Amino acid sequence: LGQVLMMPLAGKLGDQYGRKQVFLAAATVFTVASLCCGLAHSIFLLIVFRAIQALGGGAFMPSATGIIAEIFGRDRDRAVGLFASIFPIGGMIGPVLGGVFVTYWSWRGIFLVNLPVGVLLLALGTVFIPDIARRPDRHLDVRGIVLVGITLLSAMFGVGFLGSAGSDPLSLAFIVPECVAVAGAVAFVRHSARAESPFISLRFLTGRGFGVMNLINFLYGSAALGFAPLVPLYAQERYGLSSLAAGTLLTARAIGMIATAGLAVYLLRRTGYRWPITIGFCLTAGGIVATAAGPPGGLSPYAWLAIGAGVVGAAMGTATPAANNATLQLAPDDAAAAAGLRGMFRQAGAISAVSITAA
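From a predicted model like this one, the values you see are computed outputs, not experimental measurements.

### Things to note about the overall build of the protein
- When helices and strands are counted, the protein shows 13 helices and zero strands.
- Tracing the protein from N to C terminus, the helices and strands come up as α-α-α-α-α-α-α-α-α-α-α-α-α.
- A compact globule built from 359 residues would reach a C-alpha radius of gyration of about 21 Å, and the protein, at 20 Å, matches this within 12%.
- By its C-alpha atoms, the protein is 65 × 50 × 40 Å across when sized along the principal axes.
- Distance between charge centroids for the protein: 4 Å, based on 23 positive and 13 negative side chains.

### Some remarks on the layout of surface pockets
- In this structure, the second largest pocket encloses a volume near 380 Å³.
- Considering the residues around the second largest pocket, the lining is formed by 17 residues, among which Thr 151, Leu 152, Ala 185, Met 344 and Phe 345 are closest to the centre.
- Mapped by element, the contributors of at least two residues to the lining of the second largest pocket are helix H7 (142-162), helix H8 (172-194) and helix H13 (335-358).
- Tallying contributions element by element places H8 first for the lining of the second largest pocket, with six residues.
- Tallied by class, the residues present in the lining of the second largest pocket amount to 15 nonpolar, one polar and one charged.

### Things to note about the environment of Gly 310
- Considering the arrangement of structural elements, one finds Gly 310 in helix H12 (residues 301-328).
- On the basis of relative accessible area, Gly 310 is assigned to the buried category, the value being 18%.
- On a C-alpha basis, the gap between Gly 310 and Ile 43 in space is 33 Å, while along the polypeptide they are 267 residues apart.
- Dropping the residues within four chain positions of it, Gly 310 is found in contact with Ala 252, Arg 253 and Gly 256.

### What to know about the side chain of Ser 34
- With respect to the secondary-structure elements, Ser 34 resides in helix H2 (residues 19-39).
- Ignoring any residue separated from it by four or fewer positions in sequence, one finds Ser 34 in contact with Gln 53, Phe 111 and Asn 114.

### Considering the packing of aromatic side chains
- Considering all chains together, one arrives at six aromatic pairs under this definition.
- Residues Phe 23 and Phe 60 carry aromatic rings whose centres are separated by 5.5 Å and whose planes lie at 65° to one another, so their mutual orientation is edge-to-face. Placement of Phe 23 in helix H2 and of Phe 60 in helix H3 (residues 43-72) is noted, with a sequence separation of 37 residues between them. Considered together, Phe 23 and Phe 60 belong to a single accessibility category, that of buried residues.
- Pairing Tyr 234 with Tyr 239 gives two aromatic rings, centres 6.1 Å apart and planes at 90°, and the pair type is edge-to-face.
- Residue classification places Tyr 239 among the partly exposed positions, given a relative accessible area of 22%.
- Through successive ring pairs, a cluster of aromatic residues spans Phe 23, Phe 30 and Phe 60.

### Looking at the confidence of the model for the protein
- Averaged over every residue, the pLDDT of the protein is 82; residues scoring 70 or more account for 94%.
- The secondary structure element of the protein with the lowest average pLDDT is helix H4 (residues 76-104), at 73, and the one with the highest is H2, at 92.

### Here's the deal with the state of the cysteines
- All chains considered together, the criterion is met by zero disulfides.
- Not engaged in a disulfide, the cysteine Cys 37 finds its nearest cysteine sulfur in Cys 36; these two sulfurs lie 7.2 Å apart.
- On the accessibility criterion, Cys 37 (0% relative accessible area) is buried.

### So, the packing of helix H1 (residues 2-17) against H2
- At a minimum axis distance of 7 Å, the contact between H1 and H2 shows a crossing angle of 125°. By the criterion of interaxial angle, the relationship of H1 to H2 is oblique. Contacts between H1 and H2 involve Ala 10, Leu 13, Gly 14, Asp 15 and Tyr 17 from the former and Arg 19, Gln 21 and Val 22 from the latter.

Cut-offs and rules
- Starting afresh in each chain, residues are numbered from 1 along the sequence in its written order.
- Predicted model: local features are reported for residues with pLDDT of at least 70 only, side-chain atom pairs are reported and counted for 80 or more only, and whole-chain, interface and lining totals are derived from all residues.
- Heavy atoms throughout the structure, all of them, feed into the side-chain values; hydrogens and water do not.
- Only DSSP runs of H or I with at least four residues qualify as helices, and only runs of E with at least two residues qualify as strands; both kinds are numbered from the N terminus onward.
- The globule rule is 2.2 Å times the number of residues to the power 0.38, and the radius of gyration it is compared with is taken over C-alpha atoms.
- The charge count includes Lys and Arg as positive and Asp and Glu as negative, but it does not include His or the ends of the chains.
- For charged residues, the charge sits on one atom: NZ in Lys, CZ in Arg, CG in Asp, CD in Glu.
- Definitions used throughout: a 1 Å grid over protein atoms alone; a cavity as a set of points that fits a 1.4 Å probe which cannot get out; a pocket as an open set with protein on both sides within 12 Å along at least five of seven lines; a lining residue as one with an atom within 4 Å of a point.
- Grid points are joined across faces, edges and corners, and a volume is the space filled by probe spheres set on the points.
- Residue type decides the class: Asp, Glu, Lys and Arg count as charged, Ala, Val, Leu, Ile, Met, Phe, Trp, Tyr, Cys and Pro as nonpolar, and the leftover types, Gly among them, as polar.
- Throughout this description, buried means an accessible area under 20% of the type-specific maximum (1.4 Å probe, protein chains only), exposed means over 50%, and partly exposed covers the range between.
- Only heavy atoms matter for contacts: two residues are in contact if any of them lie within 4.5 Å across the pair.
- Classification of ring pairs rests on two measures: the distance between centres of Phe, Tyr or Trp rings, Trp counted by its six-membered ring, which must be within 6.5 Å, and the angle between planes, read as stacked under 30 degrees, edge-to-face over 60 and tilted in between.
- Predictor confidence is given residue by residue as pLDDT, running from a minimum of 0 to a maximum of 100.
- In plain terms, two cysteine sulfur atoms within 2.5 Å form what is called a disulfide here.
- Lines fitted to the C-alpha atoms define the axes, with helices restricted to the stretch that makes contact. Angles between their N-to-C directions range from 0 to 180 degrees.
- The labels follow the angle: roughly parallel below 35 degrees, roughly antiparallel above 145, roughly perpendicular from 65 to 115, and oblique for the rest.

Written out as structure tokens, the structure is:
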């Protein structure tokens, strides 16, 4: 929820206060919140600190994408594609370290390991990220921000409730937040249509361009991103794998993504956006169905799940550069805002998929 709320806001803040400044502020918030998470003594405090941590994490992608788009100019498509292909390296390291910490140390290590990484990120960002000219907009659309926040948080809270034990779609705990979200969305659209400098312009939400890509990103987030956090749990619950073994399954996904992302970026100007997105989505569906079906013959569950995760990773490596750039090309001068909306819809799709699947 914290990421969903912060992603569209980060682009606007980057334009107003500087993308480097927003990126460094995001790293600071994320690092300090990670320390608080690691020291939390109750689940309630942990949830609060996780939300704050996600505010910092949600600002990373839009501000970083804006920085890259400004620096690389006409080559932003390849730069953004290569930038996205680096992410799977973290996808390999993170789950494995998480499994090691949980098995041999404590869950607190999952958060405390972010401290040296965050400090290093701040130091490198301060030295190497250049200052980028701001596009001052003295009017910060506070009302638009509030309405977007009400809409997103209410909608995702209701969907998140579905993932609770014993939840009921007819319960007021689901119906009321969704009604509030609908009312907030209607109010936001009416406000944005009249506002001089809206928080999110309606042209970023509707039409054959952004409207279609927003829907694609929501579904992509549901399938690809919603798939990731469920795989280790699925491996442990169905096949009895250890936490460490289950965590390494996401390494197979990351390897698959790295193996195809570089080639997909290189060929992007020849293939265009549609074919990589279509092929990637078909492979994603195939990998998820195979994972659900179970291992054939004498193949071990771990090997089969690793193959399924690898296929999904290869699919993501194929589709992600094209999907990223298809959105950015619609508004090349508003790369940070486009990246924020892209991330918002993907994260909303992931939350929806996890919650509905859990229900």
